[in-house]
Each structure stands twice: as structure tokens, then as C-alpha cells.
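Breakdown of the fold
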Amino acid sequence: MPLQFSAQLGCWERYLQRKYQNPLFLDQQRQITQRAVDEARARDEAERHQFYQSFQSLLEDVAQLHAR
């Protein structure tokens, strides 16, 4: 059964997609399961959420700066 990848991949899910059915990674193909794809997707989402929080905090800090 083919693996189900997202329409918009994050870096970790994209990394697995590159390795999936790639002859250069034959020794690692058995490790690529739907569960691994789902975990990579969750990791991408967690990193995206962390980035957005950090960026929002930065924007709030910039908004509080005073002009000279």
C-alpha cells in the first residue's frame, strides 16, 4: 500500500518522501512506514507552531520599540 504524504510537506516529511522508493536508499526503505510519515508530519507541525510563536513574540517586541 502506498504511503499517504501531505499536499504541503514540511522538511521532515519531505525527507522521507525523497527516500521512499528511491534506489539510493534501498537499505532504509523498510523503515519508512505510514507511522514514520505521520510522526514526521507531527514533528513538522510542532516546529511550525514553535516558529510562529517565536515570530509572534518578536513582532510584539518590535511593536513596543520606541522611535528615536
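Use the structure listed above.
None of these values were measured; they are calculated from a predicted model. (Residues numbered from 1 in each chain as written. Predicted model: local features only at pLDDT ≥ 70, side-chain atom pairs only at ≥ 80, totals over all residues. Heavy atoms only, no water.)

Examining the packing of aromatic side chains
Per the stated rule, a full pass over the model turns up three aromatic pairs. Of the aromatic side chains, those joined through ring pairs into one cluster are F51, Y52 and F55. (Phe/Tyr/Trp six-rings, centres within 6.5 Å; stacked < 30°, edge-to-face > 60°.)

Thoughts on the nonpolar core
Within the largest apolar cluster, seven residues are counted, these being L3, F5, L16, I32, A36, V37 and A40. Sorting elements by how many residues they give to this core places helix 2 (residues 34-63) first, with three residues. Sequence-distant contacts of A40, defined by excluding residues within four places in its chain, comprise W12, E13 and L16. (Core = buried A, V, L, I, M, F, W, Y, C linked by side-chain atoms within 4.5 Å. Buried < 20%, exposed > 50% of the residue type's maximum accessible area, 1.4 Å probe, protein only. Helix = DSSP H or I, 4+ residues; strand = E, 2+ residues; numbered from the N terminus. Contact = heavy atoms within 4.5 Å.)

Thoughts on the side chain of D44
Turning to its location among the elements, D44 is positioned in helix 2. Within the buried core, D44 has no salt-bridge partner, and the shortest N-O distance to an opposite charge, that of R48, equals 5.8 Å. For D44, the residues in contact, after removing those within four places along its chain, are G10, C11, W12 and E13. (Lys, Arg positive; Asp, Glu negative; His and termini not counted. Salt bridge = Lys/Arg side-chain N within 4 Å of Asp/Glu carboxyl O.)

A word on the environment of R35
Structurally, R35 is set in helix 2. Put simply, R35 and L3 are 32 residues apart on the chain and 9.5 Å apart in space, counted from C-alpha to C-alpha.

Quick look at the pattern of salt bridges
In the structure shown here, the tally under the stated rule is five salt bridges. The shortest N-O distance in the salt bridge between R41 and D38 comes to 3.3 Å. Taken together, the residues span about one helical turn, with R41 and D38 both in helix 2 at a distance of three residues. Classification of R41 by relative accessible area gives partly exposed; the value is 29%. One salt-bridge network, in which partners are shared between bridges, spans E13, D38 and R41.

A closer look at the packing of helix 1 (residues 11-19) against helix 2
Between helix 1 and helix 2, the shortest axis-to-axis distance is 7 Å and the interhelical angle comes to 150°. In this view, helix 1 runs roughly antiparallel relative to helix 2, as classed from their interaxial angle. Residue-level inspection shows C11, W12, E13 and L16 of helix 1 in contact with helix 2, the latter providing A36, V37, A40, R41, R43, D44 and E47. Per-class residue counts for the contact of helix 1 with helix 2 are six nonpolar, no polar and five charged. (Axes fitted to C-alpha atoms, helices over the stretch in contact; angles between N-to-C directions. Parallel < 35°, antiparallel > 145°, perpendicular 65-115°, else oblique. Nonpolar A, V, L, I, M, F, W, Y, C, P; charged D, E, K, R; others polar.)

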